[in-house]
Amino acid sequence: MGDGQEIDGRARPRGDRFRLAVPCSTSNLGPGFDQLGLCLSLFLHVEVGPRPAGQPQVVAHSSPSGPSSSGPEPSPDWPEPGRDLLLRAFERSAGPRAQEAQLIVDSEIPIGRGLGSTGAAVAAGLLLGRAWCGELEPDRRGLLNAGIELEGHPDNVTASLFGGCTVCVPIAGEPAPLIQVDVHPDLGFAAAWPREPLATARARAVLPDRVPFADAVENARRVPLLLEGLRTGNPALLRHGTSDLLHEPYRLGLLPGASRALDAARQAGAFAANISGAGSALVAIGPPARRDEIARAMADELRAATGWAAGRPLDVVRAAPVVERT
Ligand SMILES: Nc1ncnc2c1ncn2[C@@H]1O[C@H](COP(=O)(O)OP(=O)(O)OP(=O)(O)O)[C@@H](O)[C@H]1O
Ligand SMILES: N[C@@H](CCO)C(=O)O
């Protein structure tokens, strides 16, 4: 075996390093609540290599409000090791060998804005943990249930593990069923977010225990329109398919300027505009040529209400993230 270590029956030379770029994701898109995730082009970059003696397990260079302001200094805002879902997923996937590794993180994904920073972290940790144990192309379906359990919801982590647009509805005691949804190439995406995060837990606490029967029926009827709108790029299907009665009306009150920003996106040409995940980001779908204007329109309204906002045109990321040996 020379200088190498035996890992799950395979040889990993000492000093091996692996890297991975995992996309962020928007979720819900209105009625796809807790099931639909769609990967967009802000990335969590993680490299794993041998941990130098006395060094921490995770060194993060990133800004919590993103996009990345990476620099030589570790970010004081990255979650501490005991709470870090990236580390937790890596440890779960790599087992005791996780102690030998150091994760170097640089993220473009703002944390706590509804753009799936935790889903991306969990997907990265699970994939890199397997790579660290010699398995560069693990069975992703085999990782999915662990990812959902670690993240708490299926939407973002499924999208970040598989790429593209996914629908996942966990069934107790069974492998989580996964549907991969086509997204028409002529759809453009834009997101905007304020400086203030909105914790998913807080955004769920305002949801009612009971909703009118008619609202529940209406939401369920919209989901096929949404999926067909994404597949065909049909503006009317997207407009009707993204209207929601179960969570957005309750959450908008937590997000200063959001209602106006969603209206501004539509006026700038968006077919659809929604809260991204649990917020505080907003996401819009429209013609690719209008992405910049839509992003600017949303950010301007959020900025007017809160003092600071970022707006970005984004691409759909269709490919699943793949670990590379460096
Ligand atoms: N590796 C990690 N990356 C990002 N957030 C993490 C990580 N580990 C723990 N957290 C914690 O998770 C919380 C953010 O989760 P939350 O679900 O609110 O945001 P999000 O994943 O960005 O949005 P959403 O799930 O709505 O798309 C923060 O309190 C953050 O400290
Ligand atoms: N779908 C979740 C957020 C992401 O897991 C929610 O809207 O509360």
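- Under the annotation held in an unreviewed UniProt entry, the protein carries the name Homoserine kinase and is attributed to Engelhardtia mirabilis.
- In the Sequence similarities (unreviewed entry) part of its UniProt record, the protein is described as follows: "Belongs to the GHMP kinase family. Homoserine kinase subfamily."
- Entered under Pathway (unreviewed entry) in the UniProt record, the comment concerning the protein runs "Amino-acid biosynthesis; L-threonine biosynthesis; L-threonine from L-aspartate: step 4/5."

### Structural notes on the site of ligand 2
Link 1 in the chain: In the vicinity of ligand 2, the contacting residues are Ser-27, Asn-28, Phe-33, Asp-34, His-153, Asp-155, Asn-156, Thr-200, Arg-204, Arg-251, Gly-277 and Ala-278.
Link 2 in the chain: Within the contact set of ligand 2, a nitrogen atom lies 2.7 Å away from a side-chain nitrogen or oxygen of Asp-34.
Link 3 in the chain: Within the contact set of ligand 2, a nitrogen atom lies 2.6 Å away from a side-chain nitrogen or oxygen of Asp-155.
Link 4 in the chain: Bound to the protein, ligand 2 loses 97% of the 260 Å² it would expose on its own.
Link 5 in the chain: Of all elements in the fold, only strand E3 (18-28), strand E4 (32-50), helix H4 (155-162) and helix H5 (200-205) reach the threshold of two or more residues within the shell around ligand 2.

### Focus on the nonpolar core
Link 1 in the chain: Counting residues in each nonpolar core, the largest one holds 68 residues, and the members touching the most others are Leu-38, Leu-44, Phe-90, Phe-189 and Leu-230.
Link 2 in the chain: With ten residues, the top contributor of residues to this core is helix H2 (residues 117-132).
Link 3 in the chain: No fewer than three residues from each of domain 1 (18-66 + 74-181 + 317-325) and domain 2 (188-314) sit in this core.
Link 4 in the chain: Leave out the neighbours within four places in its chain, and Leu-38 touches Cys-24, Ser-25, Thr-26, Leu-29, Ala-159, Gly-164, Cys-165, Val-183, Phe-189, Leu-230 and Val-316.

### A few points about the domain arrangement of the protein
Link 1 in the chain: Assigned domains within the protein: domain 1 (18-66 + 74-181 + 317-325) and domain 2 (188-314).
Link 2 in the chain: Between the C-alpha centres of domain 1 and domain 2 the distance comes to 24 Å.
Link 3 in the chain: The interface is formed by 27 residues belonging to domain 1 together with 36 residues belonging to domain 2.
Link 4 in the chain: Roughly 2,300 Å² is buried in total at the junction of domain 1 and domain 2, and carbon and sulfur atoms are behind 66% of that figure.
Link 5 in the chain: Ranking the residues of domain 1 by area buried against domain 2 places Leu-29, Pro-31 and Arg-113 at the top, with a combined share of 28%.
Link 6 in the chain: Where domain 1 meets domain 2, there are one salt bridge.
Link 7 in the chain: Here Asp-34 and Arg-204 are joined by a salt bridge, their closest N and O atoms 2.7 Å apart.
Link 8 in the chain: Summed over the shared surface of domain 1 and domain 2, the number is 13 residue pairs in polar contact (both at pLDDT 80 or more).
Link 9 in the chain: Of all the secondary-structure elements, those providing two or more residues to the side of domain 1 that touches domain 2 are E3, E4 and strand E7 (165-168).
Link 10 in the chain: The element contributing the most residues to the side of domain 1 that touches domain 2 is E4, with nine residues.
Link 11 in the chain: The class makeup of the residues in the side of domain 1 that touches domain 2 is 13 nonpolar, twelve polar and two charged.

### Some points on the packing of helix H3 (residues 140-151) against H4
Link 1 in the chain: The interhelical angle for the contact between H3 and H4, taken along N-to-C directions, is 150°, at an axis separation of 9 Å. The orientation of H3 with respect to H4, classified from their angle, is roughly antiparallel. In terms of crossing hand, the pair formed by H3 and H4 is right-handed. From H3, Arg-140, Arg-141, Leu-143, Leu-144, Gly-147, Ile-148 and Glu-151 reach across to H4, where they touch Val-157, Thr-158, Leu-161 and Phe-162.
Link 2 in the chain: Among the residues forming the contact of H3 with H4, the class breakdown is six nonpolar, two polar and three charged.

### Things to note about the environment of Ala-201
Link 1 in the chain: Along the chain, Ala-201 falls in helix H5.
Link 2 in the chain: For the pair Ala-201 and Ala-278, spaced 77 residues apart in sequence, the C-alpha to C-alpha distance is 8.7 Å.

### Examining the site of ligand 1
Link 1 in the chain: With respect to spatial proximity, 20 residues lie near ligand 1, and among them Asp-84, Gly-116, Ser-117, Thr-118 and Thr-200 are the closest.
Link 2 in the chain: Within the contact set of ligand 1, an oxygen atom lies 3.2 Å away from a backbone nitrogen or oxygen of Gly-114.
Link 3 in the chain: Within the complex, the protein chains bury 80% of what would otherwise be the 630 Å² of accessible surface of ligand 1.
Link 4 in the chain: At the level of secondary structure, the elements contributing two or more residues to the shell around ligand 1 comprise helix H1 (85-94) and H2.
Link 5 in the chain: Residue contributions to the shell around ligand 1 peak at three residues, all from H2.
Link 6 in the chain: The residue inventory of the shell around ligand 1, partitioned by class, reads nine nonpolar, seven polar and four charged.

### Quick word on the environment of Val-217
Link 1 in the chain: You can see Val-217 is positioned in helix H6 (residues 213-232).
Link 2 in the chain: By relative accessible area, which is 34% here, Val-217 ends up partly exposed.
Link 3 in the chain: In the structure, Val-217 is positioned 28 residues away from Leu-245 in sequence and 9.8 Å away in space, judged by C-alpha atoms.

Each value, and the rule that gives it
- Residues numbered from 1 in each chain as written.
- Chains lettered and ligands numbered in written order.
- Predicted model: local features only at pLDDT ≥ 70, side-chain atom pairs only at ≥ 80, totals over all residues.
- Heavy atoms only, no water.
- UniProt positions renumbered as here; feature names shortened; annotations may be inferred.
- Near = heavy atom within 4 Å.
- Polar contact = N/O pair within 3.5 Å; in protein donor to acceptor, adjacent residues only side chain to side chain.
- Areas by Shrake-Rupley, 256 points an atom, 1.4 Å probe, with all protein chains shown as cover.
- Helix = DSSP H or I, 4+ residues; strand = E, 2+ residues; numbered from the N terminus.
- Core = buried A, V, L, I, M, F, W, Y, C linked by side-chain atoms within 4.5 Å.
- Buried < 20%, exposed > 50% of the residue type's maximum accessible area, 1.4 Å probe, protein only.
- Domains from an automatic or database assignment.
- Contact = heavy atoms within 4.5 Å.
- Buried area = accessible area lost by both parts, 1.4 Å probe.
- Salt bridge = Lys/Arg side-chain N within 4 Å of Asp/Glu carboxyl O.
- Nonpolar A, V, L, I, M, F, W, Y, C, P; charged D, E, K, R; others polar.
- Axes fitted to C-alpha atoms, helices over the stretch in contact; angles between N-to-C directions.
- Parallel < 35°, antiparallel > 145°, perpendicular 65-115°, else oblique.
- Left-handed = near helix turned anticlockwise from the far one by under 90°.

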